[in-house]
Amino acid sequence: MRSARAGVWLVVWALLGWGSGGVCQDTPPEQPPEEMGDATVESLERLLSQMLAAETKRAEKEAALQQAVGAEARSALSAEIEELGIKLKELRSNFETIASGVDRTQLDDPGDGDSSLEKQATKLLSPLISEFQSMTKRTRKINELRLEEARLLEHSQLVELALQRSHSVLETAADPEMRGRLETVVEIWQERQQQLRGSLDVVRRQLQVEEAQKQDFLQIAQDSVIGFVRSRGLNLLLALLAAMTTFLLIRLAYRLVMGIGKKLRPNQERPFYARMLNVAVYLLSGLGACGAFLGLLSLLGDWVLLSLFSVVLLAALWTAREWIPGAWEQIRLLLNLGSVRENERIVYMGVPWKIAALNFTVLLQNPAFADFQLRLPLKDMVGRISRRFGASESWFPTRVGDFVLLSDGTFGQVLAQSHEAVELRALDSHKQYTTADFLAASPTNLSSGFRIESRFGIDYAHQAEATQAIPQKLQEALRESCAGMPYGKGLELLEVDFCEAGSSSLDYEIAAIFKGEAAQYWEHIPEDLQRFAVDAAIALDLTIPFPQLVVHKPS
């Protein structure tokens, strides 16, 4: 007996599993329903007996409830009747499921779960969502109809499967009560089949109409853009004007206040409170512009644009959280409390600069670069160090117009210079160096003054006057000769001193110091000094020796 009952329950569970598997199948299962008929009828008979017993018991409880006296007795009977009703509903559902092989709950639409956070987000974005829904209304309608058509087709297959199994079970049932119940089940599924067919026909007709009126993507995009500009373009323009006006008014008021302060305290560094006010004004102007923009959209009642830019603003604030650690260092720089401070000296790109202004835009100046200024974002100053400088410190080896001598012997005039390149005019050609290469060549600025040294020798025949009279005479003669030259006014000092007694001559050192105005003649002065020395030797009847080789022969 137990083995027979176990076999019956296996058949019932097989039917239930078969019915649930039919949801994913497009055709009925390969196993013929007739083979399961006897076991199904046995299960249905058992369920029918339980249903009849539950109905009889509920009727008895309802009769007892009408005759019951006392609140507690009526409450207990009502609870039992409710419990029997739930049990009877479950038995009827099981009876229908086993008879048809399909669970009716598979035809129900699943409910949409929605959390509180999702509701709040949907409420915030509802105007924006509505706008996009109106732009894509026809496309979404077609997609919805296609999904509905697929869902109805799937349900039709389930109902068709349920009818096949219900008819199969009905044919094997012999008990009149059982057949009556099964015929009711068949009628229910037939009614559902007719409803599904009608719904499917309506959906297909609607789909045909919508697809006939469907527009291409470019047309939809064009219509959407034109509609947006016409309906919301003016609101957006007014909001932008309000934001710009608010920003400019705050900045203008700040500039007026700072201009008055500069007139009262000219050539003085900005005090700390002025820097604090500068940072506050930057924050206030930004917040004021955002507030004016969103506030005007709210007054105009344009909730679509208001929602859109609120989301953009929230996204920007969320992204800015990564910027906050670095922002603190920049605020310290703005307050002139960091490692880089205004009116100090800093080396940038290998060149010294004076920090002329330290705001969100840093202004660097170098007096050697004429009117050239370098503008940098404040973040480029983070991690750098500046220092105070003295009045005599050099900012660059040369200025435009100076004459320089490089370590490789190149002599030329500076035509242009910046932190990037230096251009020289050497002889009749132009040469350009990167600033780094120019500084690496150790330039000597001749325009700040220079010294030229040269040697000249006379014969040993004049050694009696070699150390006193002759140097004085040569010095006077050279000075007179230089005075008549273009660089004569630039001569500051000229000396002729006895240097040494050489192997074949008595040598003198000629040292001449010139001002920077004579720098352009630097290449010619050494040659002229030699020429002037020869002319002076001729005038003073001094013999100029030549190298001699003395050969001694044995006697």
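Right, let's walk through the structure included here. Here the structure is a predicted model, which is why all the values come from computation and not from measurement. (Residues numbered from 1 in each chain as written. Predicted model: local features only at pLDDT ≥ 70, side-chain atom pairs only at ≥ 80, totals over all residues. Heavy atoms only, no water.)

Considering all chains together, one arrives at 11 salt bridges under this definition. Note that E148 is salt-bridged to R151, the shortest N-O span being 2.5 Å. Of this pair, E148 and R151 both sit in helix α5 (residues 137-172), 3 residues apart, roughly one helical turn. Relative accessible area serves as the criterion here: at 25%, R151 is assigned to the partly exposed category. The closest approach of N and O atoms between E393 and R387, which form a salt bridge, is 2.8 Å. (Salt bridge = Lys/Arg side-chain N within 4 Å of Asp/Glu carboxyl O. Helix = DSSP H or I, 4+ residues; strand = E, 2+ residues; numbered from the N terminus. Buried < 20%, exposed > 50% of the residue type's maximum accessible area, 1.4 Å probe, protein only.)

Overall, antiparallel pairing links the 5 strands, which are arranged β8-β7-β6-β5-β9 in an open sheet. Unpaired on one side and paired on the other, β8 (429-434) and β9 (444-445) mark the two borders of the sheet. Of the strand pairs in this sheet, strand β6 (residues 411-417) and strand β7 (residues 421-426) are connected by 4 bridges, and their pairing is antiparallel. Paired with Q417 across the bridge in β7 is V422. (Pairing = 2+ DSSP bridges.)

In space, the 3 strands of this open sheet follow the order β10-β12-β11, with antiparallel pairing throughout. Sheet topology places β10 (450-458) and β11 (491-501) at the edges, where each strand pairs with a single neighbour. Pairwise comparison of adjacent strand axes, ignoring direction, gives a mean angle of 20 degrees for this sheet. Inspection of the sheet shows β11 paired to strand β12 (residues 506-514) by 9 bridges, in the antiparallel sense. Within β12, the position partnered with D497 by the bridge is E509. Strand contacts of helix α12 (residues 469-483): β10, β11 and β12, with the helix running at about 145 degrees to β11, the strand carrying the most contacts. Against the sheet, helix α13 (residues 525-539) contacts β10, β11 and β12, and its axis sits at roughly 35 degrees relative to β10. (Axes fitted to C-alpha atoms, helices over the stretch in contact; angles between N-to-C directions. Contact = heavy atoms within 4.5 Å.)

Despite not being glycine, N336 shows a phi value in the positive range, around 60 degrees. Along the chain, N336 falls in the loop between α10 (324-334) and β1 (345-348). Given the relative accessible area of 15%, N336 is considered buried. One non-glycine residue, N343, lies in positive phi territory at about 65 degrees. Locating N343 in the fold gives a position in the loop between α10 and β1. Judged by relative accessible area, which is 27%, N343 ranks as partly exposed.

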